[in-house]
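Here's the letter readout for the chains.
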Amino acid sequence: MVDLLSADFAPPTFQLKSIHFTMARQFFVGGNFKMNGTKDSVTKIIEGLNSADLPSNVQVVIAPPAPYLGLAVEVNKQSTVAISAQNVYDKASGAYTGEISANQVLDLGATWTLTGHSERRTLIKESDEFIAEKTKFAIEQGLSVILCIGETLEERKAGITLDVCARQLDAVSKIISDWSKIVVAYEPVWAIGTGLAATPEDAQETHKGIRAHLAKTIGEQSETVQILYGGSVNGKNAPEFKDKVDVDGFLVGGASLKPEFVDIIRSRL
Ligand code: 13P
């Protein structure tokens, strides 16, 4: 028996050398409706979400086309669902015919925007620098941003996936130091709308590389930045990404217009 009062007894001491706390990143599911829908169909999709049993710990952001943002804000009744624009300009107002103002998006009650979607990078020829400027301006006005990055099939074949992602991210980290309002969506162009999703292993490897690159450029914030995978995610393949530690959620296109979007939101249960 140990005599606690004896002079020989020394209570054990523990030295806490370095404890590394890994911040749990919240599971995040975005739905990008792209240029699809009508008043009626957007209303029906959101009513479907209203009546669904959504987990309280999953952050959901849906991005209907700009003309329906106000409608989406009005119809949405879920506190865990926020409404996002798909694009904004880098100025508040003025002679910019056809552009979308971050301030007007906020005025409608939406709180997010996408920037840098590959369809805008390739079809509208938006540059890394312009996307970075839009991202910066949107955040300054009060929006949160889903910043989309990703390589084309040619770039993938050339083995420069991470170089491309790094270049797209660097344009942003050059002018933004606080990344607390940014979620990164890695969407390989070859996987978008093709039915050919990246394998969970491939996605994890790229996400890990993206996070490692962010660690070099934005430091410890890289641990808290959510990195979403996008490209042919559906109700069936979403659970396969469950144990991939750097895949913090999804950005969903086609399937966000369908009832299976709820299965994707519930895929980590
Ligand atoms: P799909 O899910 O239709 O492949 O689209 C992905 C996407 O581009 C989301 O922004």
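Preceding block: the structure.
The sections below set out a description of the structure shown in this document.

Analysis parameters
- Residues numbered from 1 in each chain as written.
- Predicted model: local features only at pLDDT ≥ 70, side-chain atom pairs only at ≥ 80, totals over all residues.
- Heavy atoms only, no water.
- Helix = DSSP H or I, 4+ residues; strand = E, 2+ residues; numbered from the N terminus.
- Buried < 20%, exposed > 50% of the residue type's maximum accessible area, 1.4 Å probe, protein only.
- Contact = heavy atoms within 4.5 Å.
- Near = heavy atom within 4 Å.
- Polar contact = N/O pair within 3.5 Å; in protein donor to acceptor, adjacent residues only side chain to side chain.
- Nonpolar A, V, L, I, M, F, W, Y, C, P; charged D, E, K, R; others polar.
- Phe/Tyr/Trp six-rings, centres within 6.5 Å; stacked < 30°, edge-to-face > 60°.
- Salt bridge = Lys/Arg side-chain N within 4 Å of Asp/Glu carboxyl O.

1. A word on the environment of Ile131
Here's step 1: In this structure, Ile131 sits in helix α5 (residues 128-141).
Here's step 2: According to the relative accessible area criterion, Ile131 is buried, its value standing at 0%.
Here's step 3: Considering only alpha carbons, one finds Ile131 and His117, 14 residues apart in sequence, at a separation of 9.2 Å.
Here's step 4: The residues contacting Ile131, other than those within four sequence positions of it, are Thr115, Gly116, Arg121, Glu126 and Leu147.

2. A short note on the site of the ligand
Here's step 1: What surrounds the ligand is a group of 13 residues, the closest being Lys34, His117, Gly193, Ser232 and Gly254.
Here's step 2: In this structure, Gly253 approaches the ligand through a main-chain N or O atom, which is 2.9 Å from an oxygen atom.
Here's step 3: Within the contact set of the ligand, an oxygen atom lies 2.8 Å away from a backbone nitrogen or oxygen of Gly254.
Here's step 4: Of the residues belonging to the shell around the ligand, the class tally is four nonpolar, seven polar and two charged.

3. Points about the packing of aromatic side chains
Here's step 1: Under the defined criterion, the tally for this structure stands at seven aromatic pairs.
Here's step 2: Ring geometry for Tyr89 and Tyr96: centres 5.0 Å apart, planes at 45°, overall tilted.
Here's step 3: Look at Tyr89 and you get buried, because its relative accessible area is 17%.
Here's step 4: Judged by relative accessible area, which is 33%, Tyr96 ranks as partly exposed.
Here's step 5: Among the aromatic residues, ring-to-ring pairing joins Phe27, Tyr186, Tyr229, Phe241 and Phe250 into one connected group.

4. Re the pattern of salt bridges
Here's step 1: Per the counting criterion, the structure on display carries 18 salt bridges.
Here's step 2: A salt bridge links Lys134 to Glu126; the nearest nitrogen and oxygen atoms lie 2.8 Å apart. One exposure class covers both Lys134 and Glu126, and it is buried.
Here's step 3: One network of salt bridges, in which partners are shared, links Arg25, Arg211, Glu223, Asp246 and Asp248.

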